Amino acid sequence: SNTESNTGGALMHDPFSVENREALLKVREPFTPGYSILLNKFNTMKDHVLLVTDRFEPQSSRLSASDLIAFYKLAYDIPSVGFFNCGEEAGASQPHKHFQAIPLDVLGSYRRTSVMSSVSPLPVDEILWPYLVTADTDATGATTSATTNT
């Protein structure tokens, strides 16, 4: 059944199967044919979402054209930084194929918090910063009146 996945001969509960999804975690079901968006129950940041296949596919399986199209649509609809852990060795905690994404506005606010203010700028900051700056802050996080996203 779709409610259980077979991983090396052992059956385990599949929280990403359509039948087992928690109602409070559903964001958009379905999102595109074959995929849904769920909130990450064990999020690392606010609004951390998952793009999950509606039918079981192993997390270790190769990415398909459909996967990439759905992931692109997610990043377009919710401007975000996303990633895919291809199996347990890469950090995947669930065997059901899923992608993860964190909205850019959440990343921008995280980088400007007092906890991160003592951290040296990262090389990726130079690339991402234009997308993370909001209308009321500049590149240092100071409040302004005319900063734009480009």
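About the thresholds
- Residues numbered from 1 in each chain as written.
- Predicted model: local features only at pLDDT ≥ 70, side-chain atom pairs only at ≥ 80, totals over all residues.
- Heavy atoms only, no water.
- Helix = DSSP H or I, 4+ residues; strand = E, 2+ residues; numbered from the N terminus.
- Buried < 20%, exposed > 50% of the residue type's maximum accessible area, 1.4 Å probe, protein only.
- Phe/Tyr/Trp six-rings, centres within 6.5 Å; stacked < 30°, edge-to-face > 60°.
- pLDDT = per-residue confidence, 0-100.
- Contact = heavy atoms within 4.5 Å.
- Expected span 1.5 Å × (residues − 1).
- Arc of directions from axis to C-beta.
- Pairing = 2+ DSSP bridges.

## So, the environment of proline 33
Inspection of the secondary structure assignment puts proline 33 in the loop between strand S3 (26-32) and strand S4 (35-39). Relative accessible area serves as the criterion here: at 79%, proline 33 is assigned to the exposed category. Here the alpha-carbon distance between proline 33 and alanine 70, two residues 37 residues apart in the chain, equals 8.6 Å.

## Let's talk about the packing of aromatic side chains
Summed over all chains, the structure comprises three aromatic pairs. Summarising the aromatic geometry, the rings of tyrosine 72 and tyrosine 76 are spaced 6.5 Å apart at their centres and angled 25° between planes, so their arrangement reads as stacked. Remark: tyrosine 76 and tyrosine 72 occur in helix H1 (residues 65-77); sequence separation between them is four residues, near one turn of the helix. Note on accessibility: tyrosine 72 and tyrosine 76 belong to one class, exposed.

## Let's talk about the confidence of the model for the protein
The predicted model of the protein has a mean per-residue pLDDT of 76, with 63% of residues at 70 or higher. Within the model, the stretch residues 134-150 combines pLDDT values under 50 with 28 contacts to residues more than four positions away or in other chains.

## A closer look at H1
Along its 13 residues, H1 runs 18 Å from first to last C-alpha, staying within 8% of the 18 Å computed at 1.5 Å per residue. Listed as buried for H1 are Asp67, Ala70 and Leu74. The arc that holds every buried residue of H1, seen down its axis, measures 70°, which confines them to one face. Turned more than 90 degrees from where H1 packs its buried face, Ala65, Ile69, Tyr72 and Tyr76 sit exposed. In this structure, the buried residues of H1 make contact with S3, S4, strand S5 (49-53) and strand S7 (98-103).

## As for the pairing of S5
A regular strand places its side chains so that they alternate between the two faces of the sheet. Within S5, five of the five residues are buried, leaving the element largely enclosed by the surrounding structure. Where burial is concerned, the two faces of S5 agree: the one with Val49, Leu51 and Thr53 and the one with Leu50 and Val52 are both buried. Of the strand pairs in this sheet, S4 and S5 are connected by five bridges, and their pairing is antiparallel. Within the sheet, the bridge partner assigned to isoleucine 37 lies in S5 and is leucine 51. By the bridge criterion, four bridges tie S5 to S7 in an arrangement that is antiparallel. Across the sheet, leucine 50 pairs through a bridge with glutamine 100, a residue of S7.

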